[in-house]
Amino acid sequence: MEKKIINLGIFGFGCVGQGLYEVLNKTKGINARVKKICIKHPDKHRPIDASFFTTDKNDLLNDPQIDVIVELINETDAAFDIVSTALKNGKAVVSASKKMIAENLRGLYDLQQQYHMPFLYEAACCASIPVIRNLEEYYDNDLLNAVEGICNGSTNYILTRIFEDHLDFDSALRQAQEKGFAETDPALDIEGFDPKYKICTLLLHAFGTFVTPAEVLNFGISHLNDFDINFARQRECTIKLIAKCRKLNGNVITYVLPHLIPRHHLLSDVNNEYNGILVESTFAENQFFVGKGAGGTATGCAVLSDISALTYNYRYEYKKIGQSNPLSLTNDVQLKIYLRYTSPDQVDLTHFYSISEKYESASNRYIVGTINLKKLKDAEWLKNREVNILVLD
Ligand SMILES: NC(=O)c1ccc[n+]([C@@H]2O[C@H](COP(=O)([O-])OP(=O)(O)OC[C@H]3O[C@@H](n4cnc5c(N)ncnc54)[C@H](OP(=O)(O)O)[C@@H]3O)[C@@H](O)[C@H]2O)c1
């Protein structure tokens, strides 16, 4: 198929925007060139010629010579405005904005159908790992059972530093920020929002189910303390923040929770800013994707792959939407968890279906028990920073 040269209008020239620029310049044979870059702060020093830059979004969105808008900014509402205007203006769009995409999945799907323009966003799930395109093209929905794993590079980096270098939480977070792995607002990573946005998007491509992030429980790693870390070490485990979507009795469960991962498990070897996604299907059984889940050039590489795919008219077909037996989200599943707290009034143990282990000392208490995901999602006590949970599979 003949490849066309495409003119790019890029929004954002931060970590990912610059990563894309670098990757684009070093990639021979890609038929794309940067026409204009829209940024927010005109006075910032830029490493490339000033003539590329503008602060007027319409210089890109209304330029008939620009074929593809690449949206790489860190503001959700502005990103949605840019992407939807571009699609309405007949431009193909590539984006890396995880939060914006997850919060607007239905609207963005409708816009693609209405304006017949492609919208690709591989970088918004596991950065450099081509998981969306595999879910779209390779996996037959009837056979797929689960998509789960580590899809936040920043928290995985923090957990690796804690477990391998015995670093404290704040120093590990600072390192992740210095290396460009963390979101501008670190709460998005450490509270588990960022992996939730990704799993909501993956759920659509895996099973054809639309969910809003508000429907999905996320609990991150910010409550983790030395007691939890020792608990994991004593059991020859590590801790990983796991995002999961899994078929269950004709429905699908989805959540983001920290898990105790045994040392022999595939995910325990996924370290630093790497992501690891396990895909489980009935006949192929388990497949494992590993790759860099954050960072300018790793993410820029996925963005470039989407740009390249546009040159041969690739678009997501969302084949699993509208299937005969659509899967609905359910939170009705029992989870075995470790719950750590300091005093009994901080938690409500009546929420537990059963308790198999109980420990009490002067400074710490924990139980291991079974609780329904719905109860966990509604539990006010989980907001207490002196309370932490880990899932034990
Ligand atoms: N960093 C990663 O590893 C990674 C991985 C996957 C996905 N992402 C996603 O990619 C996006 C960009 O992340 P980043 O790390 O590159 O962010 P960043 O380093 O903070 O850069 C953000 C860029 O967006 C520009 N900007 C902000 N608001 C704008 C607006 N209204 N109009 C035009 N430009 C605007 C900023 O302009 P100024 O330069 O003028 O301030 C800056 O260049 C985010 O949605 C993020 O979630 C990041």
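Let us now look at the packing of aromatic side chains. Tallying each qualifying case throughout the model produces 17 aromatic pairs. Each ring, one from Tyr21 and one from Phe52, has its centre 6.1 Å from the other, and the planes form 80 degrees; the classification is edge-to-face. Residue Tyr21 is found in helix α1 (residues 15-26), and its partner Phe52 is found in the loop between β2 (32-38) and β3 (53-54); the two are separated by 31 residues along the sequence. You can call Tyr21 buried: its relative accessible area is 16%. Taking 5.0 Å as the distance between ring centres and 50 degrees as the angle between the ring planes, the aromatic pair formed by Phe119 and Tyr121 counts as tilted. For the pair shown, Phe119 and Tyr121 are each scored as buried. Within the aromatic cluster, the residues linked to one another by ring pairs are Tyr109, Phe119, Tyr121, Phe210, Tyr314, Tyr316 and Tyr318. Directly above the aromatic system of Tyr314 lies the positively charged group of Arg133, at a separation of 5.4 Å from the ring centroid. Over the face of the ring belonging to Tyr157 we find Arg161, whose NZ or CZ atom lies 5.1 Å from the ring centre.

What follows concerns unusual backbone geometry. In this structure, Ala127 takes a positive phi of about 50 degrees despite not being glycine. Structurally, Ala127 is set in the loop between α6 (123-126) and α7 (131-137). The class of Ala127 is buried, set by a relative accessible area of 2%. Of note, the phi angle at Glu236 is positive, near 55 degrees, even though the residue is not glycine. With respect to the helices and strands, Glu236 occurs in the loop between α12 (226-234) and β9 (237-248). Overall, Glu236 belongs to the exposed group, its relative accessible area being 59%.

Below, the discussion takes up the site of the ligand. Neighbouring the ligand are 26 residues, the closest being Val16, His41, Lys44, Arg46 and Gly295. Val16 is positioned with one of its backbone polar atoms (N or O) 2.8 Å from an oxygen atom of the ligand. Interatomic distance of 3.0 Å between a backbone N/O atom of Lys40 and an oxygen atom of the ligand. Starting from 900 Å² of accessible surface for the ligand in isolation, the protein chains cover 88%. Spatially, the ligand is embedded in the largest pocket. Here the residues of the shell around the ligand sort into eleven nonpolar, nine polar and six charged.

Moving on, we come to the pattern of salt bridges. A side chain with one charge may pair with a side chain of the opposite charge, provided their charged atoms come close. What the rule picks out here adds up to 20 salt bridges. The partner of Glu191 in a salt bridge is Arg385, with the nearest N and O atoms 4.0 Å apart. With Glu191 in the loop between α10 (187-190) and α11 (193-207) and Arg385 in the loop between α14 (373-378) and β17 (388-392), this pair connects stretches of sequence that are 194 residues apart. Given the relative accessible area of 23%, Glu191 is considered partly exposed. Because the salt bridges share partners, they merge into one network encompassing Glu148, Lys244, Arg246 and Glu280.

With that out of the way, let us pick up empty space enclosed by the protein. Left-over empty space is what a probe sized like a water molecule reveals as it rolls over the atoms. One pass over the full model with this rule turns up one cavity of 30 Å³ or more. Of the volumes computed, that of the largest cavity is approximately 40 Å³. Around the largest cavity sit Ile101, Leu105, Leu108, Tyr109, Gln112, Phe119, Tyr121, Leu204 and Tyr318, which together line it. The element contributing the most residues to the lining of the largest cavity is helix α5 (residues 105-115), with four residues. When its residues are assigned to classes, the lining of the largest cavity shows eight nonpolar, one polar and no charged.

Residue position: Glu22 is located in helix α1. Note on Glu22: relative accessible area 38%, which makes it partly exposed. Distance in space between the C-alpha atoms of Glu22 and Gly300 is 8.2 Å, their sequence separation being 278 residues.

This next bit is on α1. If you check α1, its first and last C-alpha atoms are 17 Å apart, about what twelve residues at 1.5 Å a residue would give, namely 16 Å. Within α1, the full set of buried residues consists of Gly17, Gly19, Leu20, Tyr21, Val23 and Leu24.

This part covers the packing of helix α3 (residues 76-88) against α5. Closest axis-to-axis distance for the α3/α5 pair is 9 Å, and the angle between their directions is 15 degrees. Between α3 and α5, the interaxial angle falls into the category roughly parallel. The crossing of α3 and α5 is left-handed. Of α5, the residues touching α3 (which contributes Phe80, Val83, Ser84, Leu87 and Lys88) are Leu108, Leu111, Gln112 and Tyr115.

What follows concerns the layout of surface pockets. One number sums up the size of the largest pocket: a volume of about 1,300 Å³. Going through the elements one at a time, α1, α3, α4 (98-103), α8 (153-165), α10 and α11 are the ones with two or more residues in the lining of the largest pocket. The element best represented in the lining of the largest pocket is α3, accounting for four residues. A class-by-class count of the residues in the lining of the largest pocket yields 19 nonpolar, 18 polar and 13 charged. Size it by volume and the second largest pocket reaches roughly 350 Å³. What lines the second largest pocket is a set of 19 residues, and nearest its centre among them are Glu148, Ile261, Pro262, His265 and Asp393. Contributions of two or more residues to the lining of the second largest pocket are made by β9, β10 (251-262) and β11 (274-281). Among the residues making up the lining of the second largest pocket, the classes are represented as ten nonpolar, three polar and six charged.

Conventions we followed
Residues numbered from 1 in each chain as written. Predicted model: local features only at pLDDT ≥ 70, side-chain atom pairs only at ≥ 80, totals over all residues. Heavy atoms only, no water. Phe/Tyr/Trp six-rings, centres within 6.5 Å; stacked < 30°, edge-to-face > 60°. Helix = DSSP H or I, 4+ residues; strand = E, 2+ residues; numbered from the N terminus. Buried < 20%, exposed > 50% of the residue type's maximum accessible area, 1.4 Å probe, protein only. Lys NZ or Arg CZ within 6 Å of the ring centre and 35° of its normal. Near = heavy atom within 4 Å. Polar contact = N/O pair within 3.5 Å; in protein donor to acceptor, adjacent residues only side chain to side chain. Areas by Shrake-Rupley, 256 points an atom, 1.4 Å probe, with all protein chains shown as cover. 1 Å grid on protein atoms, 1.4 Å probe; cavity = no way out; pocket = protein on both sides within 12 Å on 5 of 7 lines; lining within 4 Å. Sits in = over half its atoms within 2 Å of the grid points. Nonpolar A, V, L, I, M, F, W, Y, C, P; charged D, E, K, R; others polar. Salt bridge = Lys/Arg side-chain N within 4 Å of Asp/Glu carboxyl O. Points joined across faces, edges and corners; volume = space filled by probe spheres on them. Expected span 1.5 Å × (residues − 1). Axes fitted to C-alpha atoms, helices over the stretch in contact; angles between N-to-C directions. Parallel < 35°, antiparallel > 145°, perpendicular 65-115°, else oblique. Left-handed = near helix turned anticlockwise from the far one by under 90°. Contact = heavy atoms within 4.5 Å.

Don't take any of this as a statement about function, it's just geometry.
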